[in-house]
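A structural walkthrough
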Amino acid sequence: MQDIQLSIIVPVYNVEPFLRKCVHSLEQQDLAAERYEVILVNDGSTDHSGELCTELAKQYENIKVIEQENQGVSAARNTGMDAARGKYMMFVDSDDYIEPDVIGRVLEVAERNQAELCFFLAEGFNEHGSWPTVRQPFAYNQVYTGEYIILHGMKVSSACMNIYLSDFLRQIGLKFQKAVSGEDVEFCMMLYPQAHRILFTDILVYHYNCSFSFSSATRNKDVQKHRKALMSDIEIVNDIFRYCESAPVSKAIKRLYRRRMRSLLVSSVLSAYRDHQYYDRAFLHTLLDRARGYHLYPIWGRTESWKTTLLLPFINLLRFL
């Protein structure tokens, strides 16, 4: 039996209208089916996504379906990582899709350069059209260290925008945080600096769904979503500060990350203070109490910009309101 080169991990939760297109795109590739696997992690879907996973697994021999109770996208990705057998891993969200006949090309480039992370190009799309996502400020097909790209303008992107060497991920031992909204940011910030061989390719692979369904969400759910996002920001800031205390990364990276996290904290607190559509005074104090519990507030030290740094005295006074 041939070795499996790639494991494609797909979290699935109530995506019945999108899942078939996503999976079909994963199967229309320039790589023999026995050389890669598609792991569908059904995260307790309440629509017909679970049945569709089973149907697709019967249609394609390289699909593996894992069923679990609903725990969120982070837990689903972690489950897929634990089950992955491929030399490389890739994450695909189940409402997105990828270009045909591209995976083999990306793997060939990654293998040739012994890459731990290999980035590719992506496009956003919705019902109105498509557009390129943010391009990274680095040359194609040139090997970089993680520290170099972080210190020279790397824009943290989705975890779906590259393939990962599985041994590297397991060596780092990093998983997605289950209680955090915006888990990609934290995962990538912690992962990038520890890589020594990162490559950027000019191969268009990923199509990212930017559509929004406003009709399915009530105003109450919308408010809850925004509040959860801000509380998650506090968790991310705390996790990155703890990461800076113990991770085997340079002082320059730690200094940059601390400033970036202070900026994120300022932005979150200002949002809770100013946007009365979603937040009230009680929520602001809940947010500040969470930050204070982690010794993140009051905020001391420099942020990423002098403008944000100048706001700190005002931000620190909000606890008295």
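Along each chain, residue indices are assigned from 1 in the same order as the chain's sequence is written. Since the coordinates come from a predicted model, pLDDT governs what is reported: local features require at least 70, and pairs of side-chain atoms require 80 or more to be given and counted, while whole-chain, interface and lining totals use all residues. Computation of side-chain values: all heavy atoms of the structure, hydrogens and water removed.

**Section: unusual backbone geometry**
Here Tyr 297 and Pro 298 are connected by a cis peptide whose omega angle stands at 0 degrees. Strands here mean DSSP runs of E at least two residues long; helices mean DSSP runs of H or I at least four residues long; both are numbered from the N terminus. One can find Pro 298 in the loop between helix H10 (281-293) and helix H11 (306-310). Backbone geometry at Gln 114 places phi at a positive 50 degrees, although glycine is not the residue there. Along the polypeptide, Gln 114 turns up in the loop between helix H4 (103-112) and strand E6 (117-126). The cut-offs for exposure are 20% and 50% of the maximum accessible area for each residue type, with area from a 1.4 Å probe on protein chains only; residues under the lower value are buried, those over the upper are exposed, and the others partly exposed. According to the relative accessible area criterion, Gln 114 is exposed, its value standing at 57%.

**Brief notes about the nonpolar core**
Counting residues in each nonpolar core, the largest one holds 107 residues, and the members touching the most others are Met 90 and Ile 163. Here this core gets 10 residues from one element, more than from any other, and that element is helix H8 (residues 219-246). Discounting residues that sit within four places of it in the chain, Met 90 has contacts with Leu 6, Ser 7, Ile 8, Ile 9, Ile 98, Ile 103, Phe 120, Asn 162, Ile 163, Val 205 and Tyr 206. In this text, buried Ala, Val, Leu, Ile, Met, Phe, Trp, Tyr and Cys residues form a nonpolar core when linked through side-chain atoms within 4.5 Å. Throughout, a residue-residue contact means that at least one pair of heavy atoms, one from each residue, lies within 4.5 Å.

**Things to note about the environment of Cys 53**
Secondary-structure assignment places Cys 53 in helix H2 (residues 49-59). Taking the C-alpha atoms as reference points, Cys 53 and Lys 64, 11 residues apart in sequence, are found 8.9 Å from one another. Every residue in contact with Cys 53, bar those within four places of it in the chain, is listed here: Val 12, Leu 19, Leu 40 and Val 65.

**With respect to H4**
Within H4 the residues assigned to the buried category are Ile 103, Gly 104, Val 106, Leu 107, Val 109 and Ala 110. The inward-facing, buried residues of H4 contact strand E1 (6-12), strand E4 (88-91), strand E5 (97-98), E6, strand E8 (162-165) and strand E9 (198-209).

**Some details on the side chain of Ser 49**
Assignment of secondary structure puts Ser 49 in helix H2. By relative accessible area, which is 0% here, Ser 49 ends up buried.

**Examining the environment of Ser 211**
Looking at the secondary structure, you find Ser 211 in the loop between E9 and H8. With 84 residues separating them in the primary sequence, Ser 211 and Glu 127 have C-alpha atoms 6.9 Å apart. With residues up to four places along the chain from it excluded, the contact list for Ser 211 reads Phe 125, Asn 126 and Glu 127.

**Re the side chain of Asp 43**
Of note, Asp 43 is situated in strand E2 (residues 36-43). With a relative accessible area of 3%, Asp 43 lands in the buried category. We define a polar contact as two N or O atoms separated by no more than 3.5 Å, with the added condition that, inside protein, one atom must be a possible hydrogen donor and the other a possible acceptor, whereas residues neighbouring each other in sequence contribute only through side-chain atom pairs. Among the polar contacts listed, one links the side chain of Asp 43 to the backbone nitrogen of Gln 71, at a separation of 2.9 Å. Each residue touching Asp 43, except ones within four places of it in the same chain, is listed here: Val 12, Tyr 13, Gln 68, Glu 69, Asn 70, Gln 71, Gly 72, Val 73 and Ala 76.

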